[in-house]
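Listed here are the chains, written in short residue letters.
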Amino acid sequence: MKLSPRRLDAFLILPLGASLLMIGEAAKERAVTLNFTAWEQAAILGAGTLVLVFLVIRATAFDRRCSEDYIFQLMANAALVAMGCMALVNVIWMLAMKFYAIPQLTGQNITGIAILAWILAYYWYRLRGFQK
């Protein structure tokens, strides 16, 4: 099963809309029932990330076998752009919070930014190519 660029183009419409909803959602006040120390939180998130990294590595290995190099290169380059964009938006927002009374970004906002940036970069590379 090869994934054609047209099929992927059509498939990405749904997460594009979802990412916009995620970016716009404001944080809600909630009662916290579990309190973790910084070390406990780091251990839980670190272990979870480690497990997910290997699961995603396995999933991308399957994708590399089943799709052509062009699509994989589109997706990989778009992912690099998304990570950089997500980090920059987070840093700029955090700096802006020092000077303006703006709400703190939630994890859902950050995830929405990453997904939106990935999809926009994917379409950019798809339409413009990799060369200048």
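Heads up: the structure comes first, above all this text.
In what follows, the accompanying structure is described.

Calculation notes
Every chain is numbered on its own, with residues counted from 1 as its sequence reads. Note on the predicted model: pLDDT of at least 70 is required for a residue's local features to be given, and 80 or more for side-chain atom pairs to be given and counted; whole-chain, interface and lining totals, by contrast, use all residues. The basis for every side-chain value is the complete set of heavy atoms in the structure, and neither hydrogens nor water enter the calculation. Strands here mean DSSP runs of E at least two residues long; helices mean DSSP runs of H or I at least four residues long; both are numbered from the N terminus. For the exposure calls, accessible area comes from a 1.4 Å probe over protein chains only, and a residue counts as buried if that area is under 20% of its type's maximum, exposed if over 50%, partly exposed in between. A contact between two residues is defined here by any heavy atoms of the two lying within 4.5 Å. Using a 1.4 Å probe, the Shrake-Rupley method yields the accessible areas, and only the shown protein chains count as cover for residues. Only rings of Phe, Tyr and Trp enter the pairing, Trp through its six-membered ring, and a pair is recorded when the two centres are within 6.5 Å. The plane angle decides the type: under 30 degrees is stacked, over 60 is edge-to-face, the rest tilted. In this analysis, axes come from line fits to C-alpha atoms, helices being fitted only over the stretch in contact, and the angle between any two N-to-C directions falls in the range 0 to 180 degrees. Roughly parallel refers to an angle under 35 degrees, roughly antiparallel to one over 145, roughly perpendicular to one between 65 and 115, and oblique to any angle outside these ranges. In this scheme, a crossing is called left-handed if the near helix is turned counterclockwise away from the far one by less than a right angle; it is called right-handed if the turn is clockwise. For this classification, Asp, Glu, Lys and Arg are treated as charged, while Ala, Val, Leu, Ile, Met, Phe, Trp, Tyr, Cys and Pro are nonpolar and the rest, including Gly, are polar.

**Digging into the overall build of the chain**
Reasoning step 1: Along its length, the chain carries five helices and zero strands.
Reasoning step 2: Taken over 132 residues, the chain has a buried fraction of 21%.
Reasoning step 3: Across the chain, every contact between residues at least 6 apart in sequence was considered, and the portion connecting residues at least 24 apart equals 83%.
Reasoning step 4: Only carbon and sulfur atoms are counted for the fraction: they give 69% of the accessible area of the chain, which is about 10,300 Å².

**Observations regarding the packing of aromatic side chains**
Reasoning step 1: Per the stated rule, a full pass over the model turns up two aromatic pairs.
Reasoning step 2: Ring geometry for Trp118 and Tyr122: centres 6.2 Å apart, planes at 25°, overall stacked. With Trp118 and Tyr122 both in helix 5 (residues 107–128) and four residues apart, this pair spans about one turn of that helix.
Reasoning step 3: Residue Tyr122 is classed as buried on the basis of its relative accessible area of 0%.
Reasoning step 4: Consider the rings of Tyr122 and Tyr123, whose centres lie 5.3 Å apart with planes at 70°: the pair is edge-to-face.
Reasoning step 5: Taken together, the aromatic side chains of Trp118, Tyr122 and Tyr123 make up a single cluster linked through ring pairs.

**Brief notes about the packing of helix 4 (residues 69–99) against helix 5**
Each pair of packed helices can be described by the angle between their axes along with the distance between the axes.
Reasoning step 1: Relative to each other, helix 4 and helix 5 sit at 140°, their axes nearing to 7 Å. When the axes of helix 4 and helix 5 are compared, the pair comes out oblique. The hand of the helix 4/helix 5 crossing is right-handed. Each of Tyr70, Leu74, Met75, Asn77, Ala78, Ala79, Val81, Ala82, Cys85, Met86, Val89 and Asn90 in helix 4 lies in contact with helix 5, whose residues at this interface are Ile110, Ile113, Ala114, Ala117, Trp118, Ala121, Tyr122, Tyr125 and Arg126.
Reasoning step 2: When the residues that make up the contact of helix 4 with helix 5 are grouped by side-chain class, the tally is 18 nonpolar, two polar and one charged.

**Notes on the environment of Gln108**
Reasoning step 1: With respect to the element layout, Gln108 can be found in helix 5.
Reasoning step 2: Considered as a pair, Gln108 and Leu21 are 87 residues apart in the sequence and their alpha carbons are 9.5 Å apart.
Reasoning step 3: Non-local contacts of Gln108, meaning those with residues more than four positions away in its chain, are made with Met22 and Glu25.

**Some points on the packing of helix 2 (residues 13–24) against helix 5**
Reasoning step 1: At a minimum axis distance of 7 Å, the contact between helix 2 and helix 5 shows a crossing angle of 145°. The interaxial crossing formed by helix 2 with helix 5 has left-handed handedness. Each of Ile13, Pro15, Leu16, Ser19, Leu20, Met22, Ile23 and Gly24 in helix 2 lies in contact with helix 5, whose residues at this interface are Gln108, Asn109, Thr111, Gly112, Ile113, Ile115, Leu116, Ile119 and Tyr123.
Reasoning step 2: Residue composition of the contact of helix 2 with helix 5, by class: eleven nonpolar, six polar and no charged.

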